[in-house]
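Here are the chains, one letter per residue:
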Amino acid sequence: MPQTIKLRETSKVGCTAEAKLGLLARFPASSLMGRPEEGEVDPIRVIIVEDDENYREIVSSELPCPGFPVTSFANGDALLGSLDAAAAGDVIVLDWRLPTISGIDLLLQLRKRSVNVPLVFLTSHTQPANEQLAFERGALDFIDKTRGVEALAGRLRQVVQSWQALLRLPAG
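Our subject in this report is the structure included herewith. Per chain, the residues get numbers from 1 upward, laid out in the order the sequence is written. Local features in this predicted model are restricted to residues of pLDDT 70 or higher, and side-chain atom pairs are both shown and tallied only at a pLDDT of 80 or more, whereas totals for entire chains, interfaces and linings draw on every residue. To obtain the side-chain values, all non-hydrogen atoms of the structure were included, while hydrogens and water were left out.

## Notes on the overall build of the protein chain
Then comes step 1: A helix here means a DSSP run of H or I that spans at least four residues, while a strand means a run of E at least two residues long, and both kinds are numbered starting from the N terminus. Scanning the protein chain from terminus to terminus reveals six helices and eight strands.
Then comes step 2: Ordering the α and β elements of the protein chain from the N terminus gives β-β-β-β-α-β-α-α-β-α-β-α-β-α.
Then comes step 3: Here the protein chain holds 172 residues, and the buried ones make up 45% of them.
Then comes step 4: Considering only residue pairs separated by 6 or more positions, the protein chain has 64% of its internal contacts joining residues 24 or more positions apart.
Then comes step 5: Total accessible area on the protein chain stands at roughly 9,200 Å², and carbon and sulfur atoms take up 51% of it. The rule is simple: take the accessible area with a 1.4 Å probe, protein chains only, and divide by the maximum for that residue type; under 20% is buried, over 50% is exposed, in between is partly exposed. Here a residue-residue contact requires only that any non-hydrogen atoms of the pair lie within 4.5 Å. Surface exposure here means Shrake-Rupley accessible area, sampled with a 1.4 Å probe, where a residue is shielded only by the protein chains that are shown.

## Observations concerning the packing of aromatic side chains
Then comes step 1: For Phe, Tyr and Trp, where Trp contributes only its six-membered ring, two rings pair if their centres lie within 6.5 Å, and the inter-plane angle classes them as stacked under 30 degrees, edge-to-face over 60, or tilted in between. Under the definition given, this model contains three aromatic pairs.
Then comes step 2: Ring centres of W96 and F142 lie 5.9 Å apart, and the angle between their planes is 75°; on these two criteria the pair is classed as edge-to-face. Placement of the pair is W96 in the loop between β6 (91–94) and α4 (103–112) and F142 in strand β8 (residues 141–144), with a sequence separation of 46 residues. Just as W96 is buried, F142 falls in that class too.
Then comes step 3: Seen in terms of ring centroids, F121 and F142 are 6.1 Å apart; in terms of plane orientation they differ by 45°. Their pairing is tilted.

## A few points about the sheet that holds β8
Then comes step 1: Taken in spatial order, the five strands make up an open sheet running β5-β4-β6-β7-β8, and their pairing is parallel. Bordering the open sheet on either side are β5 (70–73) and β8, each of which pairs with just one other strand. The sheet shows a mean angle of 20° between the axes of neighbouring strands, taken without regard to direction.
Then comes step 2: Here, axes are lines fitted to C-alpha atoms. For helices the fit covers the stretch in contact, and angles between N-to-C directions go from 0 to 180 degrees. Of the strands in this sheet, β4 (46–49), β5 and β7 (119–123) are in contact with helix α1 (residues 53–62), which crosses β5 at around 170°.
Then comes step 3: Contacting β4, β6, β7 and β8, helix α6 (residues 148–168) crosses the sheet at an angle of about 175° to β8. Note: two strands are recorded as paired if DSSP finds a minimum of 2 bridges between them.

## A word on the pattern of salt bridges
Then comes step 1: Take a side-chain nitrogen of Lys or Arg and a carboxyl oxygen of Asp or Glu: if they are within 4 Å of each other, that pair is a salt bridge. A complete count under the given rule lists four salt bridges for this structure.
Then comes step 2: One salt bridge connects D90 with R45, and the closest N-O pair in it is separated by 2.8 Å. Residue D90 is found in the loop between α3 (83–88) and β6, and its partner R45 is found in the loop between β3 (24–26) and β4; the two are separated by 45 residues along the sequence.
Then comes step 3: Judged by relative accessible area, which is 15%, D90 ranks as buried.
Then comes step 4: Among the residues examined, R45 registers a relative accessible area of 41% and is labelled partly exposed.
Then comes step 5: Across the pair K145 and D95 runs a salt bridge, and its minimum N-O distance is 3.5 Å. Linking K145 in the loop between β8 and α6 with D95 in the loop between β6 and α4, this pair joins segments that are 50 residues apart in sequence.
Then comes step 6: For K145, a relative accessible area of 15% translates into the label buried.
Then comes step 7: Overlapping salt bridges, with partners in common, bring together E50, D95 and K145 in one network.

## Observations regarding the nonpolar core
Then comes step 1: Of all hydrophobic cores here, the largest spans 23 residues; its most connected members are L79, I92, L94, L106, L110, L119 and F121.
Then comes step 2: Contributing elements (two or more residues each) for this core: β4, α2 (76–80), β6, α4 and β7.
Then comes step 3: Broken down by element, the residue count for this core peaks at four residues, all from α4.
Then comes step 4: Aside from chain neighbours lying at most four places away, what touches I92 is I47, L79, A86, L110, V115, V117, P118, L119 and V120. Here, the term nonpolar core denotes a set of buried Ala, Val, Leu, Ile, Met, Phe, Trp, Tyr and Cys residues that are joined through side-chain atoms within 4.5 Å.

Structure follows, in structure tokens:
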């Protein structure tokens, strides 16, 4: 079942997220995370699958501030049960290790079910072998969680813009 996060704006420091445990996370504003100007770009709809509840809540509440509405899932089975939500996203973000199905296996299941949305891994398991396998299986990026939400926002924008440009190329 998708999770909904309540947001509240703060001045000059970006957005804040209050996790269920009372955690408060603040990420500074930057040009990468800044809201797109009116008419500049459409919001990028992000689907995220992350089993760490606190991390999922922080990312899910910080990304909407710069124009990335988020639908989040706690595991791969939940996403597979909501294929309409997956297909409606502009980009899917997967953790490498998930409890019911691994991120790399989830990627294959999504492709088998004709979910043709760019896919990015966001993980703390950044071994080169994992990265290589992710790219071989069709992931478009492999991001270390320690890079933070600001880096994630910039990379997601680049992935989606590249994907959209690829779709506009004439067949031939």
